[in-house]
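Per-entry structural report
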Amino acid sequence: MNSFFANLYELLYYDPNFSTAVFSNGAYSAIGLATIIIPFIIAFIYYKVIDRPALASITVWILAGLLSAFLSFLVSYSLVYTSLAELYQFNTSQYSTLSGISATFSFVLHLFYSFVFKRISINTKNIPF
């Protein structure tokens, strides 16, 4: 699974030393799974748990997607930083770039999960489209 996520992330950002260190520590699996699970939970909460007419707007849906992206960024950054900081000396920008890619994937997955969960929603079934 580490190889699968490494291929996805390295399509958008590849730094030989940094990417090799992330791969060898197995961190791609952890951030990949977090990037899949976080938007799943946020979308489920939006569409099923807090399914209210007052929150059935594109603005609230975008805020939920941004929350998902922000949480993915934080989790990815902390996972990679804690696994590599003691062993290697990398720039903050390297950690941030990888975490930004995670946030982007998270928002895209939030969009995908929205199409899945809106079918089980009552009040937010027309959001985003």
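Everything below is about the structure shown above.
Residues numbered from 1 in each chain as written. Predicted model: local features only at pLDDT ≥ 70, side-chain atom pairs only at ≥ 80, totals over all residues. Heavy atoms only, no water.

What about the packing of aromatic side chains?
Counted only if it meets this: Here a Phe, Tyr or Trp ring, Trp counted by its six-membered ring, pairs with any other such ring whose centre lies within 6.5 Å, and the pair is stacked when the planes are under 30 degrees apart, edge-to-face when over 60, and tilted otherwise. For helices the rule is a DSSP run of H or I covering at least 4 residues; for strands it is a run of E covering at least 2, with both sets numbered from the N terminus onward. Summary of the burial criterion: residues with accessible area below 20% of their type's maximum are buried, those above 50% are exposed, and those between are partly exposed, where the area comes from a 1.4 Å probe applied to protein chains only.
Under the counting rule described, the total for this entry stands at 17 aromatic pairs. Residues Phe18 and Tyr95 carry aromatic rings whose centres are separated by 5.5 Å and whose planes lie at 85° to one another, so their mutual orientation is edge-to-face. One end of the pair, Phe18, is in helix α2 (residues 16–24); the other, Tyr95, is in helix α5 (residues 92–117), and 77 residues separate them in sequence. Of the two residues examined, Phe18 and Tyr95, each falls in the buried class. Ring-pair connections join several aromatic residues into one group, and the members of that group are Phe18, Phe73, Tyr77, Tyr81, Phe90 and Tyr95.

With respect to a nonpolar patch on the surface
Quick reminder of the rule: Here the term patch refers to residues with relative accessible area over 30% and no salt bridge, with like charges joined within 9 Å and nonpolar side chains (Val, Leu, Ile, Met, Phe, Trp, Tyr) within 5 Å. Every accessible area reported is derived by Shrake-Rupley at a probe size of 1.4 Å, with residue values counting cover from the shown protein chains alone. One side-chain nitrogen of Lys or Arg within 4 Å of one carboxyl oxygen of Asp or Glu is enough to make a salt bridge.
A grouping of Met1, Leu33, Ile36, Ile37, Phe40, Ile41, Phe44, Ile45, Val49, Ile50 and Ile120 is seen on the molecular surface, where their side chains present a nonpolar patch of about 910 Å² in accessible area. Tracing the chain through its elements places Ile37 in helix α3 (residues 27–49). A relative accessible area of 45% places Ile37 in the partly exposed class.

Notes on the environment of Arg52
Looking at the secondary structure, you find Arg52 in the loop between α3 and α4 (58–84). Assessed through its relative accessible area of 48%, Arg52 is described here as partly exposed. Placed 10 residues apart in sequence, Arg52 and Ile42 show a C-alpha to C-alpha distance of 15 Å.

Overview of the environment of Ala69
We count it as follows: Any two residues whose heavy atoms approach within 4.5 Å at even a single point are treated as in contact.
Inspection of the secondary structure assignment puts Ala69 in helix α4. Under the relative-accessibility criterion, Ala69 is labelled buried at 10%. Taking the C-alpha atoms as reference, Ala69 lies 12 Å from Ile31; in sequence the two are 38 residues apart. Here Ala69 is in contact with Ala103, Ser106 and Phe107, once residues within four sequence places are set aside.

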